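Coordinates in review
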Amino acid sequence: MTTAPVATTVAATATEVTTVTNPTHREPRVWFITGASRGLGRAFTEAALAAGDRVVGAARDVGPLADLAAEHDGRFVALSLDVTDREAVFHTVARAVAAFGRLDVVVNNAGVSLIGMVEEVTEAQARAHLDVNFFGALWVSQAVVPHLRKQGSGHILQIGSMGSAVGFASTGLYSAGKAALDNMTGALAMEVAAFGVRVTLVQPGGYETALFTHGLTLTTENGAYAPLRAELAEMWGESKDADPAKAAAVLLRLVDLPEPPRRIILGGAAYDMIAELDRARREEYERWESMSRDGD
């Protein structure tokens, strides 16, 4: 279902919410959020609307967004989008800009999960996975940058993962796609800074979403990895995922910053893990520094 914006409703609603929730009386922002129908994307969408902003929510299936379209008529537009289709991405971004006249915050959130050992992953699985998690984000970034550059402002939020910090058994392809997004995001941030466009890589930890159910692909298991799988199951059985609304609250604070960070970790456990990985990596580099320098 796709809804069309209604100018009078937008103005009335924005004025009302701004008075209540925005003491600085800022103008309502316009968000473009991919993967908006579930999980973190849904939480981001609801939080932005609650803050009095306007949102274009994109998803393969926009049916789950019908309630938001009805509740926030004039401030929410749902657009069907498969981010792996580059032409469709550019067309949909153009429709998003036309809906409200601009884009202020772009959230590259659409993603899927692929679980399995590297040896087990098929070519079709690998390509399909990266088409969403990396190329989808690339196409959206390419489509929105000309609009943001022209208006001289905007903030792109790339939803990565704490998994981009290191390859981990059974999530190798997922981590690889997020690591590719990580490095592409760093380059993009440098390229568009002079145009007033901000870019932030967001690295969430575990949240209660459908990523590892609805958006999950599993490889055919090779029995040789059964002992490792048992070890991983025991390790993950102790983890507890957080409420996506907490991530959304941080995101709203992030986009309010005049000088937002180029990367930020979401979640205490994720922060601790990445900090420990960075420390261990530095120690390993230093331990082998002499051999490294022999390469000159």
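Residues numbered from 1 in each chain as written. Predicted model: local features only at pLDDT ≥ 70, side-chain atom pairs only at ≥ 80, totals over all residues. Heavy atoms only, no water.

**Things to note about the nonpolar core**
Phe 32, Leu 103 and Ile 156 are the most contacted members of the largest nonpolar core, which has 34 residues in total. Going through the elements one at a time, strand 1 (30–34), strand 2 (54–59), strand 3 (76–80), helix 4 (86–100), helix 5 (123–151), helix 6 (172–192) and strand 7 (197–204) are the ones with two or more residues in this core. If you tally residues by element for this core, the top one is helix 5, at ten residues. Among residues more than four places away in sequence, those in contact with Ile 156 are Val 106, Val 144, Val 145, Leu 148, Leu 188, Val 197, Arg 198, Val 199 and Thr 200. In this structure, Ile 33, Ala 47, Ala 51 and Val 105 belong to the second largest nonpolar core, which totals 30 residues. (Core = buried A, V, L, I, M, F, W, Y, C linked by side-chain atoms within 4.5 Å. Buried < 20%, exposed > 50% of the residue type's maximum accessible area, 1.4 Å probe, protein only. Helix = DSSP H or I, 4+ residues; strand = E, 2+ residues; numbered from the N terminus. Contact = heavy atoms within 4.5 Å.)

**A word on a nonpolar patch on the surface**
Residues Phe 168, Met 235 and Trp 236 make up a contiguous nonpolar surface patch of about 280 Å² in total accessible area. Residue placement: Met 235 occurs in helix 7 (residues 226–236). (Patch = residues over 30% accessible without salt bridge, like charges linked within 9 Å, V, L, I, M, F, W, Y side chains within 5 Å. Areas by Shrake-Rupley, 256 points an atom, 1.4 Å probe, with all protein chains shown as cover. Salt bridge = Lys/Arg side-chain N within 4 Å of Asp/Glu carboxyl O.)

**Some points on helix 4**
Compared with the 21 Å implied by 1.5 Å per residue over 15 residues, the 22 Å span of helix 4 between its first and last C-alpha is a close match. At the N-terminal boundary of helix 4, the capping side chain belongs to Asp 85, with an oxygen 3.2 Å from the backbone nitrogen of Glu 87. Immediately beyond the C-terminal end of helix 4, within one or two residues, lies Gly 101, with a positive phi of roughly 90°. (Expected span 1.5 Å × (residues − 1). Polar contact = N/O pair within 3.5 Å; in protein donor to acceptor, adjacent residues only side chain to side chain.)

**Details of the packing of aromatic side chains**
For the structure on display, the rule yields two aromatic pairs. Centroid distance Phe 134 to Phe 135: 5.1 Å. Interplanar angle 70°. Geometry classified as edge-to-face. Given the relative accessible area of 31%, Phe 135 is considered partly exposed. Taken together, the ring pairs connect Phe 134, Phe 135 and Trp 139 into an aromatic cluster. (Phe/Tyr/Trp six-rings, centres within 6.5 Å; stacked < 30°, edge-to-face > 60°.)

**Considering the sheet that holds strand 9 (residues 263–266)**
The seven strands lie next to each other as 3-2-1-4-6-7-9, forming an open sheet whose pairing is parallel. Across the chains shown, the open sheet's two edge strands, defined by having one partner strand only, are strand 3 and strand 9. If you compare each strand with its neighbour and ignore which way they point, the axes differ by 15° on average. Where strand 1 lies against strand 2, five bridges are found, and the strand directions are parallel. Following the sheet pairing, Phe 32 is matched in strand 2 by Val 56. (Pairing = 2+ DSSP bridges. Axes fitted to C-alpha atoms, helices over the stretch in contact; angles between N-to-C directions.)

**Some words on the confidence of the model for the chain**
Considering every residue of the chain, the mean pLDDT works out to 88; 88% of them sit at 70 or more. In this model residues 1–24 is a low-confidence stretch, pLDDT under 50, and it forms 40 contacts with partners more than four residues away in sequence or in other chains. (pLDDT = per-residue confidence, 0-100.)

**Points about unusual backbone geometry**
The phi torsion at Ser 170 lies on the positive side, around 80°, for a residue other than glycine. Along the chain, Ser 170 turns up in the loop between strand 6 (154–159) and helix 6. A relative accessible area of 6% means that Ser 170 is categorised as buried.

**Let's talk about the environment of Val 144**
Residue position: Val 144 is located in helix 5. A C-alpha to C-alpha distance of 9.1 Å links Val 144 and Val 97, two positions 47 residues apart in sequence. Not counting the four nearest positions on each side in its chain, Val 144 is found in contact with Val 93, Leu 103, Val 106 and Ile 156.

**Topic: the pattern of salt bridges**
Per the counting criterion, the structure on display carries 14 salt bridges. We note a salt bridge from Asp 182 to Arg 263, for which the minimum N-O separation is 2.6 Å. Taken together, the residues Asp 182 in helix 6 and Arg 263 in strand 9 connect sequence positions 81 residues apart. Its relative accessible area of 11% is what places Asp 182 among the buried residues.

**Comments concerning the pairing of strand 7**
Burial within strand 7 is extensive, with seven of its eight residues counted as buried. Here six bridges tie strand 6 to strand 7, and the two strands are oriented parallel to one another. Bridge pairing in strand 7 places Ile 159 opposite Val 202. With helix 6 bridging strand 6 and its parallel neighbour strand 7, the resulting β-α-β unit is right-handed. Relative to strand 9, strand 7 is paired through four bridges, and the arrangement is parallel. Counted as the bridge partner of Leu 201 is Arg 263 from strand 9. (Right-handed = clockwise from strand over helix to strand, strands pointing away.)

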